[in-house]
Amino acid sequence: MKTKSLVWIFAAMGLFFFLFSAGECRADAADAADTADTGKSVKTVPVSLDLERLSKELERVGEMGNGRNYLTIMVDLPQRLPDEYKLFALVLDRDRAPIRKISGFMFDPELKGKNHVWFYFFLYAPGMRRHELPRGAFPGAYSGDYIKFILQKGNETVLEKVVKRYDEWGSEKTPLIVNIPMPPAEIPGYLELKDYTFFAKGDYRKPGGYFVEGTIVGHNNGAWMYFVPTSDIQGQEPEPEVKLPTSRGWLELANGRTHQMMEGSAPVKPYVNGWWDGKGYFHPDPVKVQ
């Protein structure tokens, strides 16, 4: 009798533990389903982007700050950009060609509950030294007639939008600072040596030919006045079939000043020795920052 009782007791305990374990498994499965329903596992749920709504919002960009050498605009996104998407913007001239000397990048102010992003645009041309012709109503100024937005998913362009907007850049009739916010005083990026053009990190364009990494620096007066290199010369360019230098000399990296060999002045470091071709483009020789 005692043996039968013990058998029943152990059988009852085994059944209890079996039912308890089954209940726990069902509870874990239910919790997993709830997590998926509430969107907590966002990494496993594909996120779609409403390109039509985004295109309409890009038509209603708002100006945040502007001055002689900068422009800050705001885009109100219909939703936050998924990680695999990147939004770029370029300032175009009246022929819808990007203005080389004006660079820009996106900035997220991370406002709680808002999907706003800003775009900082700036002109870096110390002393207005440049190779392309002036564009605009005032001598020495650039004319920006459009802003082009480019949305990429990975390496694929999924949306392009051109918005008409007129701005004068570099005109002495415009105050250095009209209103803020403006781009930061220090902007990292890449300096192309051929015509002393600076592209910010985050610009849609990438440096070509020979370039130097570094930072342009301003003095909180709405202008960026000099470049500080942080690397030696990078990149490459094809060897010219016919090398016809119009002059030899050096390029000073801080402000883009150029000097010919026959001048009596000494180079100011950091600088690059080289030569200019018939188009006025500079070619380093040797390929080294001095």
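Predicted model, so just to flag it, every value in this text is computed and none were measured.

Let's talk about the side chain of threonine 72
And then number 1: Mapped onto the secondary structure, threonine 72 falls in strand β2 (residues 70-76).
And then number 2: Other than its neighbours up to four places away in sequence, threonine 72 contacts Gly62, Glu63, Met64, Gly65, Trp118, Phe119, Tyr120, Pro181, Met182 and Pro183.

A short note on the pattern of salt bridges
As a working rule, side chains carrying opposite charge can pair if their charged atoms are close by.
And then number 1: Going through the model one piece at a time under the given rule, you end up with twelve salt bridges.
And then number 2: Between glutamate 59 and lysine 161 there is a salt bridge; the shortest N-O distance is 2.6 Å. One end of the pair, glutamate 59, is in the loop between α2 (51-58) and β1 (62-67); the other, lysine 161, is in strand β7 (residues 156-169), with 102 residues separating them in the sequence.
And then number 3: A residue is classified by how much of its surface remains accessible, and lysine 161, at 16% relative accessible area, is buried.
And then number 4: Aspartate 203 is paired through a salt bridge with arginine 205; the nearest N and O atoms lie 3.1 Å apart.

Quick notes on the sheet that holds strand β11 (residues 210-218)
And then number 1: If you walk across this open sheet you meet the four strands as β10-β9-β11-β12, and the pairing is antiparallel. Two strands close off the open sheet at either side, each with one partner strand: β10 (197-200) and β12 (224-235). Each strand axis lies, on average, 35° off the axis of its neighbour in the sheet, ignoring direction.
And then number 2: The pairing of strand β9 (residues 186-192) with β11 spans seven bridges and is antiparallel.

Thoughts on the confidence of the model for the protein
And then number 1: In this model, the protein carries an average pLDDT of 83, and 79% of its residues clear a pLDDT of 70 or more.
And then number 2: Note that residues 6-11 has pLDDT below 50 and, in this model, zero contacts with residues that lie over four places away or in other chains.
And then number 3: The low-confidence segment residues 129-139, where pLDDT is below 50, has 31 contacts with residues more than four positions distant or belonging to other chains.

Observations concerning the environment of glutamine 260
And then number 1: Structurally, glutamine 260 is set in strand β14 (residues 258-260).
And then number 2: When its relative accessible area of 33% is taken as the criterion, glutamine 260 is described as partly exposed.
And then number 3: Sequence separation between glutamine 260 and tryptophan 276 is 16 residues, and the spatial gap between their C-alpha atoms is 9.9 Å.
And then number 4: Setting aside anything within four residues of it in sequence, one finds glutamine 260 in contact with Ser247, Arg248, Gly249 and Trp250.

Quick word on the sheet that holds strand β3 (residues 85-92)
And then number 1: The three strands are arranged β3-β6-β7 in an open sheet whose pairing can be described as antiparallel. Edge positions in the sheet fall to β3 and β7, since each has one partner strand and no second. Going across the sheet, the axis of each strand differs from the next one's by a mean of 15°, ignoring polarity.
And then number 2: Inspection of the sheet shows β3 paired to strand β6 (residues 142-153) by eight bridges, in the antiparallel sense. Looking at the pairing, phenylalanine 88 lines up with isoleucine 150 of β6.
And then number 3: Its contacts with the sheet place α2 against β3, β6 and β7, and it is angled at close to 5° to β7.

With respect to a nonpolar patch on the surface
And then number 1: On the surface, Leu176, Ile177 and Ile180 cluster together into a nonpolar patch covering about 250 Å² of accessible area.
And then number 2: Mapped onto the secondary structure, isoleucine 177 falls in strand β8 (residues 177-179).

Remarks on α2
And then number 1: Here α2 has its buried residues at Leu54, Ser55, Glu57 and Leu58. What you see down the axis of α2 is that its buried residues fit within an arc of 160°, all on one side.
And then number 2: Those residues of α2 that are buried are in contact with β2, β3, β6 and β7.
And then number 3: A side-chain oxygen of the first residue of α2 lies 3.3 Å from the backbone nitrogen of glutamate 52; this N-cap is aspartate 50.

Conventions we followed
- Residues numbered from 1 in each chain as written.
- Predicted model: local features only at pLDDT ≥ 70, side-chain atom pairs only at ≥ 80, totals over all residues.
- Heavy atoms only, no water.
- Helix = DSSP H or I, 4+ residues; strand = E, 2+ residues; numbered from the N terminus.
- Contact = heavy atoms within 4.5 Å.
- Salt bridge = Lys/Arg side-chain N within 4 Å of Asp/Glu carboxyl O.
- Buried < 20%, exposed > 50% of the residue type's maximum accessible area, 1.4 Å probe, protein only.
- Pairing = 2+ DSSP bridges.
- Axes fitted to C-alpha atoms, helices over the stretch in contact; angles between N-to-C directions.
- pLDDT = per-residue confidence, 0-100.
- Patch = residues over 30% accessible without salt bridge, like charges linked within 9 Å, V, L, I, M, F, W, Y side chains within 5 Å.
- Areas by Shrake-Rupley, 256 points an atom, 1.4 Å probe, with all protein chains shown as cover.
- Arc of directions from axis to C-beta.
- Polar contact = N/O pair within 3.5 Å; in protein donor to acceptor, adjacent residues only side chain to side chain.

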